[in-house]
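# Close look at the chain arrangement
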Amino acid sequence: MGARAMVAVARPDGRYDCYHSQWGGEHLDRLVAWAWADGVPPDLVDPEPVRTAVPADRVLARIDPRGYEALVAVAVDGAVEAYLVCWPGIETGQQTGTDAATAGSRTDAAASFVRDAAVLVPWTDAATAARLRRFSRIAKGVLGDAVDARLLPAWMATAYLAVRLARHPDVCDAFLWLPPGGEMAAES
């Protein structure tokens, strides 16, 4: 599957060309250090964009938090910013889904949040990213086991993980919540 990253390269018209990188999430240091001359992507990035001329306000809607581990934004002047994409959803061994009994309920709303929410955490270095990924993986495993054992509901486990993620010592105050569902999730 890889450690996928989306690379959004700004165009002079204010829009972005979005590229896919199969292993960019593991090599953010290389993507950030790359000299983005003439908009030519490095060898870690697919040569053809997956989307072109994406409006700036729609770039975040292109990120599937379960499919991408990182976002790299390249400005017109070549300045690069990288973010880890953290999905606070809890995977369990239980079958989940919306049915008539849960439609419109708190459980249904929580399931929607779990499917769609994400957190963008500014990337600072590889060691910090590794610690944050390890924390998230371990916490999700423990919380998933607790949900399977019916010690707490999935929505509560997700909310707890989101709070712990926001309070993690490696997460600076500049993290960004991507809203679940709604206009942000729609195609442009």
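Figured I'd write up the structure that's included with this text. (Residues numbered from 1 in each chain as written. Predicted model: local features only at pLDDT ≥ 70, side-chain atom pairs only at ≥ 80, totals over all residues. Heavy atoms only, no water.)

What follows covers the environment of Asp-29. Mapped onto the fold, Asp-29 is located in helix 1 (residues 28-33). Sequence separation of Asp-29 and Asp-125 is 96 residues, and the distance between their C-alpha atoms is 7.0 Å. (Helix = DSSP H or I, 4+ residues; strand = E, 2+ residues; numbered from the N terminus.)

Right, let's talk about the pairing of strand 4 (residues 70-74) for a bit. Each regular strand displays side chains that alternate between the two surfaces of the sheet. Burial runs high along strand 4: four of the five residues are buried. As paired strands, strand 1 (residues 5-10) and strand 4 are joined by five bridges and run parallel to one another. Directly across from Ala-5, in strand 4, lies its bridge partner Ala-70. Here five bridges tie strand 4 to strand 5 (residues 80-86), and the two strands are oriented antiparallel to one another. Directly across from Val-74, in strand 5, lies its bridge partner Val-80. (Buried < 20%, exposed > 50% of the residue type's maximum accessible area, 1.4 Å probe, protein only. Pairing = 2+ DSSP bridges.)

What follows covers empty space enclosed by the protein. Scanning all chains against the criterion turns up one cavity of 30 Å³ or more. Approximately 40 Å³ is the volume attributed to the largest cavity. Residue lining of the largest cavity: Leu-84, Val-121, Pro-122, Trp-123, Thr-124, Asp-125, Thr-128, Ala-129, Leu-132 and Asp-170, and that is the complete set. Elements with a contribution of two residues or more to the lining of the largest cavity: strand 6 (118-122) and helix 3 (126-148). Counting residues per element, the lining of the largest cavity draws most heavily on helix 3, at three residues. (1 Å grid on protein atoms, 1.4 Å probe; cavity = no way out; pocket = protein on both sides within 12 Å on 5 of 7 lines; lining within 4 Å. Points joined across faces, edges and corners; volume = space filled by probe spheres on them.)

In the contact formed by helix 3 and helix 4 (residues 154-167), the axes pass within 10 Å of each other and the chain directions differ by 160 degrees. On the basis of their axis angle, the class for helix 3 and helix 4 is roughly antiparallel. The two elements helix 3 and helix 4 meet at a crossing, and its hand is right-handed. From helix 3, Leu-132, Phe-135, Ala-139, Lys-140, Leu-143 and Val-147 reach across to helix 4, where they touch Ala-154, Ala-157, Tyr-160, Leu-161, Arg-164 and Leu-165. (Axes fitted to C-alpha atoms, helices over the stretch in contact; angles between N-to-C directions. Parallel < 35°, antiparallel > 145°, perpendicular 65-115°, else oblique. Left-handed = near helix turned anticlockwise from the far one by under 90°. Contact = heavy atoms within 4.5 Å.)

In this section: the nonpolar core. Judged by nonpolar contacts, the single largest core of 21 residues is most densely connected at Val-7, Leu-28 and Leu-84. Looking at this core, the elements that each hand over two or more residues are strand 1, helix 1, strand 4, strand 5, strand 6 and helix 3. In terms of nonpolar packing, the next biggest core, distinct from the first, is built from eleven residues, Ala-8, Cys-18, Val-59 and Ile-63 among them. (Core = buried A, V, L, I, M, F, W, Y, C linked by side-chain atoms within 4.5 Å.)

Position of Met-156 among the secondary structure elements: in helix 4. Considering only alpha carbons, one finds Met-156 and Leu-143, 13 residues apart in sequence, at a separation of 9.5 Å.

Bear in mind that shape data such as this cannot, by itself, settle questions of function.
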